[in-house]
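Listed here are the chains, written in short residue letters.
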Amino acid sequence: MRNERFANAPAGEVAAAFRAADAAYQNDGTLFHGADALHHGARPPRRRYLALWFPFLPADRLRRQAGVSHDAGDIAAGDEDRQAAPPLVFVAPVSGAMRLVAVSPEALAAGLRPQMPLADARALAPALWVVPARPDLDDAFLTRLRDDFGRFTPLLAIDPPHGLVLDITGCAHLAGGEAPMAARVRQRARAAGLHVHCALAATPQAARALARFTLAAREAPLIVPEGGDRAATARLPVAALELPERHYRTLQRAGLKRLADIIDRDSASLASRFGAAFPALLARITGAEDIRITPERPPPPCVIDRILPEPIARQEHVEALLAGLLREAAQRLERAGEGGLRFTALFYRTDGVKRAVTVSVSQPTRDPALVGLLLRERLGALDDPLDPGFGFDQIRLCVDETAPLTAAQSGLPADILPATHIMEAGQESINRLADRLMARLGPEAVLKLCPRGSHLPERAAVLRPARLATAGAGWRDLGPEDPPARPLHLFRTPQPVEAMDAAPDGCPLRFRWRRMMHEVAAAEGPERLSPEWWRALPAAAAPPQGATPTDDANTLRSTRDYYRVEDREGRRFWLFRPDDAGATPRWFIHGLFP
Amino acid sequence: MSNAASNALPAYAELAATSNFSFLRGASHPRDLVLAAILQGHCGLGLADRNTVAGVVRAWSALRSLREERLDAAGASEDLRDPRLAAEIRHRAAAFHLITGARLAFSDGAPDVLVYPENLAGWSRLTRLLTQGARRARKGGCDLTLDDLLADVRGLQLIVMPPARLGELEQPLQRIADAAPGAVWLGASMWRRGDDRRRLFRLRDMAARAGVRLLAVNDVLYHAPGQRDLHDVITCIREKTTVAAAGRLLEANAERWLKTPDAMVRLFHDAPEAIAATGDFLQRIHFDLSQIAYQYPDEPVPEGHDPQGWLEYLVWDKVKARYPRGVTEKVQRLLDEELALIRQLGFAAYFLTVHDIVQEARRRGILCQGRGSAANSAVCYVLGITSVDPDKHELLFARFLSTDRGEPPDIDVDFEHERREEIIQYIYERYGRHRAGIAATVIRYRPRSAIREVGKALGLTEDVTARIAGSQWGSYGEDIPDSHIAQAGLDAGNPAIRRAVALATRLIGFPRHLSQHVGGFILTRDRLDDLVPIGNAAMAGRTFIEWDKDDIDALRLLKVDVLALGMLTCIRKALDLIRQHTGAAHDLASVALTSEQPAGQPVYAMLQTGDSIGVFQVESRAQINMLPRLKPERFYDLVIQVAIVRPGPIQGDMVHPYLRRRAGVEKVDYPSPRPPHPPDELRGVLDRTKGVPLFQEQAMQVAMVAAGFSGAEANGLRKAMGTFRGDGTLHRYETLMVEGMTNRGYDRDFAERCFAQIKGFGSYGFPESHAAAFALLVYVSAWLKCYHPAAFACALLNSQPMGFYGPAQIIGNAKDNGVTVLAVDVAHSHWDNILEPAENGLALRLGFRQIDGFRQEWADAIVRFQAEQRAIASGARAVLTPPTRRQSNNPPPDMQMLQQRARLPRLAILRLAEADAFRSMGLDRRAALWVAQRLPDDAPLPLFLATATPEQAEEINQHLPEMTLGEHVAADYQTLRLSLKGHPMQILRPLLPGALTCAQCNKSRHGAWARVAGVVLVRQRPGTGNAIFITLEDETGVINAVLWARMLARFRREVMGARIMDITGVIERSPENVIHLMAKHITDRSDLLERLNGDIRTGGPEAVLMHRHPRDVRILPGSRDFH
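(A) Highlighting unusual backbone geometry. Here the residue pair A:Pro160 and A:Pro161 is connected by a cis peptide bond, since its omega of -5° sits within 30 degrees of zero. Mapped onto the elements of the fold, A:Pro161 is located in the loop between strand E5 (156-158) and strand E6 (163-167). The omega angle of the peptide bond from B:Gln800 to B:Pro801 is 0°, so this bond is cis rather than trans. As for its position among the elements, B:Pro801 is in the loop between helix H36 (789-798) and helix H37 (807-816). Within the chain, B:Asn51 stands out as a residue other than glycine whose phi angle is a positive 55°. With respect to the helices, strands and loops of the structure, B:Asn51 is situated in the loop between strand E2 (44-50) and helix H3 (56-67). Positioned with a positive phi, B:Gln617 is a non-glycine residue whose angle comes to about 65°.

Here you go:
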C-alpha cells in the first residue's frame, strides 16, 4: 500500500527511507534511525520542516470524545457558537494544591491560565467545567495524530508539549508545493477538530519557535522562504529559546528581548553565561545549523519473517513453519526477559492477499507449544478458513505486546512446594484453559465469577469476561474452622416459603417449600444484612405509598435476617425473613448449601 | 418511658462505647451516648476511645449537666424539655454510673483491651501508659504493645475484646489473665453476624479456661441505629474510599448502637451471667474524674511563704514603684477588694505564675502584655502584667473573677512573636516537661471540610463538592443552607446533593484530630502525665496534653496562655531604635502615661485623619474609615474603636446608633422595661457606650439584667458563645433571651439586635477587657508613628510579616510622613532595615532582608566585609573606588573582593545585583547583573585566591540597552516588592489618558463621575457580602472603590483577576469626608504590566500557554484578598 501511494515518487529519499525502514524491520526489528538511513544520495537538499502546535490539545481531545466534533475547517465558526459553553479546564495536584494544567479557548478568554490554582480559577469563572488532567490520554492522542500525519511524510516526530514536527524534505511536491502541502496538513488537523499553529522553516527548532511564538502561524501556515530563517526568527522574543527561568530572567534584565538582540553577540560571552550549548541552540533556532529529527515509529517488539522461495500450501507445512517461527520468537523473548501477550501470524499469499490471525494470552508467555496450540485453535475456529490459494510465499510472526517475564523453575516435585504454589499452579492451568476457550469461542464468551465488595449475597459476585478478571483475591475471608457462611447456589429471586412455628425473633421449626414440608433439625443465625442505603437515592428510599408488602422484588430492599437451616433429611437451606412492616413475618429461601 | 418501666429494667450497662473521639471510628458525640444510655435505662456507661481519653471529659460534663437538669448543655433536643421527663432524666442521671477509660489498640497485633481505672492511681497508670504510647509514635499515633500494659496493671480493670478470628485470642487472653488475676473480663458481643451463638459458646469456654468472667457488651459505635449511614461515611473517609467501593469494610448491619437492656438480655439468653457481669464490673470502679486532685505548682513562692502572703507582699512592695506619688484611694480600694477575692478563691499561685513568666520576659527584654478578664485588675497592673492604669482609665472590671462562677481566672499574655518560643522553652525548663504541657485544640469538621469529605465518600466529583464548599464565605456556621447550594449553581433539590449536604451537616462538629493550642500552658505541682496523657505535637520539641480548653475548664485546671503578637515585636524594635539613636528610653507603661494628656494631642489628631497605616488593629480599611467618624480623642475612645469594627456590633446593627449618638445627632437614651421593673436598669450596663451595647460583657449583662437570665444560664450563654458554634447550643438561648426581654417590656427589635450581636460574638468575641489591652497597643504604636515615623517604619519592616500592609505601602506612607528612605546597597545595608543619620534627622536604610530569597548569613558576611573595608579605609585610601567608566565586562575588582572575602556564592551576588545594590560600586542593575554572571559559582578557597582572578579572560565590553525606568521599577518590585524609583502607575500614566489620579479622585465632589486606574492592593468581601471593596493605589495615594455584589456577575473576571484595574464610577463623600468610588464599570488593565517591563510577547492570546515564567507573571506582589 505504501508503495502504491508513493508509486510516482522519484527514487528519492522517501523511497529510500521506506526501503531502509522495511529492511530494518525485516532484519532485526531494531528502532530505525532516520539519520542513519541517509548514507546514499550525492548531496542532500536543504531540508524543510513543518512544525505543528496544538495549543488546546487536551480540550480538543475531550470535545472530540464527547462527540462535539467540528465540521472540517470550521473551528473559527465553532468558537463563536461555543460562546455559551462553560470554560473547560484540566486540573492536577501540583505540590498539594489543585492547579490548572491546560485550558480551553473559552477558559483562556475568561482569563484562566495554566498553573493558576483551581480556587482562583473558580473565583474568576464560577461556571467552570473541571476535568482531571490525563497526560497519558493526551500523549496517546498525539501518538495517533503522529501516525495519521505519517500520510504526509514518513519522517515525523512528536514535539512535546502538544506538537509535531514533520520533515517534509522532498515530499512537498506530492501536494503541489510547500504552501499547498502546509495547507493540507493544517486542514487535516482542523478537520480533526484541533486548533493548530503551523510554521515551515529550515530547522525543526526554527519551525517550532515560529509556530509557537508568532501570531502569523495561527491563522495560516507560516512559510519561511529558503534562506529566510534568520530574518524570520530574529523578531521572536527571547522566550522562544525556552531557556531555564534564571537564564531567561538574565536576558530580560540585560534588556535583550528579541533574538535579534543576541544573534550578533560574541558567542564566547554568551556561552560563559548561559552554558556551552547556548550558541548551538541559537544557531539552530535561527536556521543556521540543522539537526535532524528522530522519527518515532516503534516497530512491534519482535517480528520474524520467513520468505519462502517456494510457496507452501499444505496445512502441516504451514504449522511446521509457524512452530519454527514461534521457537525463534521464544528465544528472542527469553533474551529480552520478556513474555508475549499478543501474537499475530501474517500469511502473505502469492497473489498479494494477506491474512492476519491474532491470539492473546492472559499471562505473558513464550511457550511455543502453547502459542502454537492457541493459533491452531484460532485457525480452526475461523469463519472463513485460511485459503492458501496458490500458496503462501511469506509468513510473518509478530509479538505485538509483551510484558516482563522472568524465568521460572519448572519440574520441581510437587510435595516439596508450599500450598500457595499449588494454588498458583491451579490458577495457571485455569488461565490456560480460559485462553484456549477464548481462542476458540472469542474473548467475550468466557466469563468468570469475580468477587465484589458487598455484604449482600446477590451483589457479592459479578460475572466478568475471564480476560478482564483478576485472580482470586477479594473473596470473603473465613477462618479455617468455620463452616461456609454462604450457599453455593443462590436463587436469582428469593422464593417465598410458608413458615410455621416461628418464634418472633427466631427461626421457624417447620417450613413448606415447593409443596414439600421440611422439619428443621438445626438452625443458625440470624445474620442480619442491612440494605446498601447509598445505592438508593433518598427520594426513592422512602417507602412508596401504597406499595404492597407482597412485592417480592422489594424483599431485597429491606433488612434481612438470614438463617442457615438443616432439615431432618440433612438438606441445608438459606432462609431469610425480610424486616418489612407486615403483621405476620414472611419467609423466603435464597439459596441451597451443598 | 415511665417510672414503673424503669424499675423493671434489668441492670445492664454498656461498657464498650466508642465516641467520635475515636477519630473516624465512632459516630456519636460523647454527650449523645450518655443521654441515650440514660434514656434507654442503662445503669451506667463505659466510654473507652481508641488510645485516648480526649472525649471522656465531654461525657462527664454532659452527665453533670443532666444531673443539674441543664438539658440544653447536655445536647438534649427540644422534645425532651417536658418537665416530667426532665425530672425523670435527672433522677436516672443521679444514679447513673459513668466510667471512663480507654480502648488500647496494640501495635503488636494483640486483641484490643478496654482499660478502666478503679481508682485515682489506676487513672494515673492509664494516662502514663497512653503518654508512653503517644510519645513513642508520630504525631497523633500511639504505639503500645501488650507488654507495656502488662508491666503494671494495678488499679486497672481490663476487658479483652475478641478479634475476628477467635483462634488468635486464646494465648493472649491467658497471658492477660495471668498478669492481672481477678481483674480481667472477656467481652462478648451478639451482632447478628450469623455465627453469634457459636462464638458466644466458644468465648464462654475460653473464659472458663482462662479463669476470667464473660461480660456482655455491644461494642457500641453510635448511640442510635440511625447513625449507621454516618458511620459508613466516616469509615470511608478513614479508609479513603467511597461507599460504593468500600464493600465489606463497612458494617453489614446497624446493630452496634445502645440497645435497651431488655434487648441485650434477649440476645444473651444463653449467657445471662454476662449481663449480670456488667453490674459487677461497675461495682469495681470507684474512679470518677472529679477525683482528679489538681495541685498548682509552688515554684514562684519562696520557702517559708504561702502563695497568698507572697502575692500580697509583692503587690504592696511594687505598688510604691508603680505609684511613686502615693496610692490613690481608688487604687487602694481596688487592691484590697481584689486581694480578698483572690484569697477567697485560692488563686494566688496562679497570679504568681503569670507574674513569674512576665518577670522572666522582662529580664530577657521581651515585651509582653496581659489581657483577659483577670488581667485588667489593679493587681495585674501593679505586678506589671498590664500597662493599663486602673487609676487613670475608667474601666469596668466586670468580668474579673466572680465568686459564683467558680471558674479559674483568665489571663492571656502576649509576647513578641519572634521571641515567644524563648518563653515557652523557659516554662518547660522551669517546670520540667513532665509538669508543663500545652493544651490541645480539638480540630472539628466545619462546613467546608465536612462537605468535601462526605462528597468524596459518596463518590461525588471533586467539582461538585468544591462548589458547595466554595460557596461558603466563612468556615464556621452550623449548617449549609439551600441558598448556598443554589449560589454554587447546583440544584438543592437534587437527591444526591441533598443527601451529601444532610450527612455533611451531621458530620459538622465531629472532632477530626487534636492539635496543639496556640499557647495555653497547663502547669502542675506533680507529674502532669498522672493527670492526662501527653502526646507529641507536629512541631519538634513540643508536646501537648489530650484535653482542650473546655475540658480544662470543666475539671478546673488552671491554664496560662502564652501568645504571640507581632505588634509587640515591632514596638520593642522601634523602642530599641529610638534608644539607640536618641538615647531616650521608653517602655509601654511610660508611653501609656501620655495617653490621657489633654485633648488636641498630636497622636489623636493623626488618628482622627485616618492616617493609621501600620498602627495596631486600626489599620484595616474598615477601621481607617471608622477613625474620622469616631474621632477618638481619649483612651477610652480607642477601646471602643477597637471593639466596634467587629462582627458582633456590625451584625447587631449597633455601630450606626453609636456613631449617631456620639455625633450628637441622636439622643442618648436607655431602653427601659415595663413597670414594675426599674426603668433605669440598663443605664449602669450601657452608660459607657451611650446606651448601645458594644462589648461582649455588655451583651451578657443585658441578658442577665434585661432578660432575667440566671447566673447559670448566662454562664451557659457565654460558653455557647465562646466555644465552637458547631456545638449547636447557641440558638437555644435565642428564644430564652428575646422572649425574656419582650416579656419585661423591651422593644422586640432591640432584643433581637442584642441577640444578633451575641451571635456575631460567637464567631469573634471581643470583650472589653481585651479591647482595653489592645487599645493600649493602638495608642503606643500610633505614638511611635506620630513622633518617630522613621523608627516605626523601620521596626515594622523588620517585624514582617505582620499587619495588613506590605513593605511598599509601609515605605510609601513613611515617605509621605517625611521620612527619607535609602535604597539597599552593598556598602551600607545590614540584614535588618536600619536608621542612618541624615540632614533632616534619621533616614531609613533598607536592609538585605527586603531582597526576596536573600539569606541572613550572606548579609552578616557582607556586614563584616563592610567593617573590614571601613577599617582599611580609615587607615589608608578608600578601597571602594569611585565609579569610573567601565571598559571591561569583567567583574570589577571590588565585586570580586566582596565575593572572596565574604565567601558569597555567585547566587548571592546575583541577588544583590538584581536588587540594584551595587550602585556604590558604580554599577547599575543591568551592568552589575551582566558582569556578575561571569563570577565563579562559589567563593574560591583563600589558598586559590591569587590564582583565581587571572583565570577570567578579559571580555570586551558589549553595549547593553539602557534600562528604562519602567524596567527598573518592575525589577524593584520583583526583587524587593517595592520601588524607591517610582510607582508603576507613574510610568504607565501616559498610557491611561483621561484617568484621574487617586489624589484627584479623593478631592472630587460628591456625586461626580470619575475614572481612576491603579494597582489593586486589597479586595475584600465582608461577611454580609452585598458589596465588594477594592483598594487601588497609584503614585499619589489610594482610593477605595465599592462594587455592589449584583454587578459582580458582569465584572467577575476583572474584579477577581485584575492586577491593574481601571474603574469608572461615582464619588460618594460621607459627612465625615470618607470617600468611596462607587464602581459602575471596571476594566482589567493588567496587560499594562508587560508594557512596564517592555516585554515582547507575540503569538496571540495562546502565547501565554508557552510564555510561562513564574516571576514574569508576578511583577507586582499579589493583592491581599479576603473572601
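More follows now that the structure is in view.
(B) Just the sheet that holds strand E16 (residues 510-513) of chain A, in detail. Residues and elements named next belong to chain A. The six strands are arranged E15-E16-E17-E18-E19-E20 in a closed barrel whose pairing can be described as antiparallel. Strand-to-strand twist of the sheet, defined as the mean angle between neighbouring strand axes without regard to direction, takes the value 45°. Where strand E17 (residues 516-529) meets strand E18 (residues 560-567), seven bridges bridge the pair, whose relative direction is antiparallel. By the bridge assignment for E18, Glu527 is matched with Tyr562.

(C) Structural detail: the nonpolar core. Residues B:Met737, B:Met741, B:Phe854, B:Met895, B:Leu898, B:Leu912 and B:Phe918 are the most contacted members of the largest nonpolar core, which totals 129 residues. The element best represented in this core is helix H35 (residues 768-787) of chain B, accounting for twelve residues. Once residues lying within four places of it in the same chain are set aside, the contact partners of B:Met895 are B:Ile909, B:Phe918, B:Met921, B:Leu923, B:Ala928, B:Val931, B:Ala932 and B:Leu935. In terms of nonpolar packing, the next biggest core, distinct from the first, is built from 86 residues, A:Ala125, A:Leu259, B:Val1012 and B:Ile1075 among them.

(D) Examining a nonpolar patch on the surface more closely. A contiguous nonpolar patch, built from A:Leu447, A:Leu449, A:Leu463 and A:Trp475 and spanning about 430 Å² of accessible area, is present on the exposed surface. Under the relative-accessibility criterion, A:Leu447 is labelled partly exposed at 48%.

(E) Spotlight on the pairing of strand E16 (residues 834-838) of chain B. All names here are of chain B. Bridging between E16 and strand E17 (residues 841-845) involves five bridges; their strand directions are antiparallel. Pairing of Pro837 across the sheet is with Leu842, part of E17. Connecting the antiparallel pair E16 and E17 is a turn made up of two residues.

(F) Examining the interface of chain A and chain B more closely. Facing 77 residues of chain A, the contacting portion of chain B comprises 73 residues. Together, the buried faces of chain A and chain B total about 6700 Å²; carbon and sulfur atoms form 53% of this surface. Three residues stand out in chain A for area buried against chain B, namely A:Arg253, A:Arg273 and A:Trp533, and they jointly supply 14% of the buried area on that side. One can count five salt bridges joining chain A with chain B. If you look at where chain A meets chain B, you find 19 residue pairs in polar contact (both at pLDDT 80 or more). Partitioned by chemical class, the residues of the side of chain A that touches chain B number 37 nonpolar, 16 polar and 24 charged.

(G) Broad picture of H3(B). All names here are of chain B. With twelve residues, H3 extends 17 Å from end C-alpha to end C-alpha; this agrees with the ideal 16 Å at 1.5 Å per step. Taken across its twelve residues, H3 has ten buried, putting it largely inside the fold. Listing the buried residues of H3 in full gives Val56, Val57, Arg58, Ala59, Trp60, Ser61, Ala62, Leu63, Ser65 and Leu66.

Procedures and definitions
Residues numbered from 1 in each chain as written. Chains lettered and ligands numbered in written order. Predicted model: local features only at pLDDT ≥ 70, side-chain atom pairs only at ≥ 80, totals over all residues. Heavy atoms only, no water. Helix = DSSP H or I, 4+ residues; strand = E, 2+ residues; numbered from the N terminus. Pairing = 2+ DSSP bridges. Axes fitted to C-alpha atoms, helices over the stretch in contact; angles between N-to-C directions. Core = buried A, V, L, I, M, F, W, Y, C linked by side-chain atoms within 4.5 Å. Buried < 20%, exposed > 50% of the residue type's maximum accessible area, 1.4 Å probe, protein only. Contact = heavy atoms within 4.5 Å. Patch = residues over 30% accessible without salt bridge, like charges linked within 9 Å, V, L, I, M, F, W, Y side chains within 5 Å. Areas by Shrake-Rupley, 256 points an atom, 1.4 Å probe, with all protein chains shown as cover. Salt bridge = Lys/Arg side-chain N within 4 Å of Asp/Glu carboxyl O. Buried area = accessible area lost by both parts, 1.4 Å probe. Polar contact = N/O pair within 3.5 Å; in protein donor to acceptor, adjacent residues only side chain to side chain. Nonpolar A, V, L, I, M, F, W, Y, C, P; charged D, E, K, R; others polar. Expected span 1.5 Å × (residues − 1).

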